[in-house]
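Here's the letter readout for the chains.
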Amino acid sequence: MESFSLILAIVVVTALAFDFTNGFHDTANAMATTISTGAMKPKLAVAMSATLNLVGAFLSVEVANTISKGLVDESGIRPEVIFAALVGAILWNLLTWLVGLPSSSSHALMGGLIGAAVASAGFGAVHGGVLVTKVLLPAVAAPVVAGVAALVATRLSYQAGTKTEGEATRKGFRVGQVASAALVSLAHGTNDAQKTMGVITLALIAGGAIAPGSNPPTWVILSAGLAIALGTYIGGWRIIRTMGTGLTDLEPRQGFAAQTSAATAILASSHLGFSLSTTHVVSGAVMGSGLGRKGGVVRWSTATRMTVAWVLTLPAAALVGAGAEAVTELGDWGTAAVAVFLIAASAWIYKLSRREVIDHTNVVAGPAAEPSGVVTTAIAAVSPPPAGAITEDLTATIPAPAQVPAAETPAPATTAPPAATV
């Protein structure tokens, strides 16, 4: 009994550690566009997001029930299986954070759980119908639906504001963007915090601490909400940079359209019990808003890398989860070995991240934008940007000849080689 109590405690702590990584991994979903457009200061943005993540954790338990009651068979699942699943999810979160890719924490968790369950009890332990209808189909549909909605919303916002261009209009959209970012944060709490609640509840059922079919206890809801809020406040600055400036260039009205579309999709999925990836939804919405502005760009090489990470998330986390489960089956020393490996690997990834520190002071000052690809060039060619955007871009990049005083006219040709003259 003492050994069981210890492993159950380890599982709960590891689940909260995953929830913490989920928080800083997914901060970008709510706040990247708000920070990149200047609507909010970085530290204030993550503080607001953390608070609303905590509030959102108390609004629903439908997603938690999908994981604790639907995805895998509760009977025969040992706490060690859940521990192994969490190891796979945490390591995938940390690796993708290191390279700045906004992959899905949700799919990392479910991939680890599927892999560990299959390694422990065979493929029959996974409910295929739930996997397809509430995980895989939403994963494909979510970015498409959010992207189309954001594209349409962006087009409508520009059409509605053609006669009201100016600083007052941009300020109004920044205010609206703050409100929509708050809604995304609230939605993230209702969806992602529940995933950890579901895992902890599943562990408690597996350990006999609560009856099968039980809803998450209040202390589980509170601890999961606090863990994801703390992770959100720490801020996943690497992924914020990718989502905010590496994927596309956004104006305030585009950020408003993207976040409003994403929040609507996330809240609807939470109500229906779909374990939706907020990363997929927000990324799709950001790309849609990038294409929604005439002359807008999407950096397709970055989008391609993100898509590859999305496809690999489930199988990669499942493989690590299955391997960890195979080791834990060797006994207590096997479980201890997996725990040591998790700590050592996490420390190594953190050490690598210190080679290039990205925080709130330089999150917006990212690397130079990559050149436009064929798709972006084609879209820009058939959809010229608004007149205001052209004026601003030319003013920022081409100095007017009239601004050069006559006194500063270059010296006669005798002072410079003829080859310098164009």
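All figures in this text were calculated on a predicted structure; none of them were measured in a lab.

Undergrad: How should I be thinking about the overall build of the chain in this particular structure?
TA: Across its full length, the chain carries 15 helices and zero strands. Evaluated residue by residue, the chain yields a buried proportion of 51% over its 422 residues. Across the chain, contacts joining residues at least 24 apart in sequence account for 88% of those joining residues at least 6 apart.

Undergrad: Before we go on, may I ask you to explain the packing of helix α6 (residues 128–160) against helix α11 (residues 278–292) in this structure?
TA: Angle between the axes and distance between the axes are the two parameters that describe a pair of packed helices. α11 packs onto α6 with a crossing angle of 35° between their chain directions and a minimal axis gap of 7 Å. Considering the relative orientation of α6 and α11, their crossing is right-handed. In contact with Ala139, Ala142, Pro143, Ala146, Gly147, Ala150, Leu151, Thr154 and Arg155 of α6, α11 contributes His280, Val281, Gly284, Ala285, Gly288, Ser289, Leu291 and Gly292. For the contact of α6 with α11, a count of residues per class yields nine nonpolar, seven polar and one charged.

Undergrad: Hey, could you run me through the layout of surface pockets in this one?
TA: Over the atoms rolls a probe the size of a water molecule, and in doing so it shows where empty space is left. Roughly 580 Å³ of internal volume is contained in the largest pocket. In terms of lining, the largest pocket is formed by 27 residues, of which the most central are Phe20, Phe24, Leu94, Trp97 and Tyr350. Elements supplying a minimum of two residues to the lining of the largest pocket: α1 (2–36), α4 (79–98), α9 (237–246) and α13 (332–353). Top contributing element to the lining of the largest pocket by residue count: α1, with seven residues. Looking at the lining of the largest pocket, its residues break down into 17 nonpolar, six polar and four charged.

Undergrad: What should I look at first to understand the environment of Ser277 in this one?
TA: Mapped onto the elements of the fold, Ser277 is located in the loop between α10 (252–272) and α11. In this structure, the C-alpha to C-alpha distance between Ser277 and Ile266, residues eleven residues apart in sequence, is 8.3 Å. Excluding its chain neighbours within four sequence positions, the residues that come into contact with Ser277 are Ser104, Ser106 and His107.

Undergrad: Can you help me understand a nonpolar patch on the surface in this one?
TA: Taken together, Val144, Val148, Val152 and Leu156 make up a surface patch of nonpolar side chains, about 350 Å² in accessible area. Looking at where Val152 falls in the secondary structure, it is placed in helix α6.

Undergrad: I keep staring at the environment of Ala262 and nothing clicks. Help me out?
TA: With respect to the helices and strands, Ala262 occurs in helix α10. Ala262 sits in the buried class, given a relative accessible area of 1%. As a C-alpha pair, Ala262 and Val184 span 78 residues in sequence and 6.9 Å in three-dimensional space. What Ala262 contacts, discounting residues up to four positions off in sequence, is Val281, Val282 and Ala285.

Undergrad: What's the story with the packing of aromatic side chains in this structure? I'm lost.
TA: Aromatic ring pairs: the centre-centre distance and the angle between the two ring planes describe each pair. Tallied over the full model, the rule gives two aromatic pairs. Summarising the aromatic geometry, the rings of Phe20 and Phe24 are spaced 5.6 Å apart at their centres and angled 70° between planes, so their arrangement reads as edge-to-face. Of this pair, Phe20 and Phe24 are both found in helix α1, four residues apart, which corresponds to roughly one turn of the helix. Its relative accessible area of 26% is what places Phe20 among the partly exposed residues. Each ring, one from Phe24 and one from Trp97, has its centre 5.6 Å from the other, and the planes form 70°; the classification is edge-to-face.

Undergrad: Please clarify how the nonpolar core should be interpreted in this entry.
TA: Nonpolar side chains in soluble globular proteins generally cluster together in the buried interior. Of all hydrophobic cores here, the largest spans 93 residues; its most connected members are Leu71, Ile82 and Leu86. With 14 residues, the top contributor of residues to this core is α4.

Undergrad: Got a minute to help me understand the environment of Gly172 in this structure?
TA: Looking at where Gly172 falls in the secondary structure, it is placed in helix α7 (residues 167–206). Counting along the chain gives 80 residues from Gly172 to Pro252, while the straight-line C-alpha distance between them is 8.8 Å.

Undergrad: Sorry, what's going on with the confidence of the model for the chain here?
TA: Detail in the predicted coordinates should be disregarded across regions flagged by low pLDDT. When the pLDDT values of the chain are averaged, the result is 77; 78% of them are 70 or greater. By mean pLDDT, the top-scoring element of the chain is α13 (93), and the lowest-scoring one is helix α14 (residues 374–382) (40). This model gives residues 366–398 a pLDDT under 50, and the stretch forms 25 contacts once residues within four places in sequence are excluded. Throughout residues 403–422 the model reports pLDDT below 50, and contacts reaching past four residues in sequence, or to other chains, amount to zero contacts.

Undergrad: What should I look at first to understand the pattern of salt bridges in this one?
TA: Any two side chains of opposite charge can pair if their charged atoms end up close together. If you walk through the whole model with that rule in mind, you get three salt bridges. Among the ionic pairs, Arg78 bridges to Glu80, the shortest N-O distance being 3.1 Å. Judged by relative accessible area, which is 16%, Glu80 ranks as buried. Among the ionic pairs, Arg241 bridges to Glu356, the shortest N-O distance being 3.9 Å. Of this pair, Arg241 sits in helix α9 while Glu356 sits in the loop between α13 and α14, placing them 115 residues apart in sequence. Judged by relative accessible area, Glu356 falls into the partly exposed class, the value being 48%.

What counts, and where the lines are drawn
- Residues numbered from 1 in each chain as written.
- Predicted model: local features only at pLDDT ≥ 70, side-chain atom pairs only at ≥ 80, totals over all residues.
- Heavy atoms only, no water.
- Helix = DSSP H or I, 4+ residues; strand = E, 2+ residues; numbered from the N terminus.
- Buried < 20%, exposed > 50% of the residue type's maximum accessible area, 1.4 Å probe, protein only.
- Contact = heavy atoms within 4.5 Å.
- Axes fitted to C-alpha atoms, helices over the stretch in contact; angles between N-to-C directions.
- Left-handed = near helix turned anticlockwise from the far one by under 90°.
- Nonpolar A, V, L, I, M, F, W, Y, C, P; charged D, E, K, R; others polar.
- 1 Å grid on protein atoms, 1.4 Å probe; cavity = no way out; pocket = protein on both sides within 12 Å on 5 of 7 lines; lining within 4 Å.
- Points joined across faces, edges and corners; volume = space filled by probe spheres on them.
- Patch = residues over 30% accessible without salt bridge, like charges linked within 9 Å, V, L, I, M, F, W, Y side chains within 5 Å.
- Areas by Shrake-Rupley, 256 points an atom, 1.4 Å probe, with all protein chains shown as cover.
- Salt bridge = Lys/Arg side-chain N within 4 Å of Asp/Glu carboxyl O.
- Phe/Tyr/Trp six-rings, centres within 6.5 Å; stacked < 30°, edge-to-face > 60°.
- Core = buried A, V, L, I, M, F, W, Y, C linked by side-chain atoms within 4.5 Å.
- pLDDT = per-residue confidence, 0-100.

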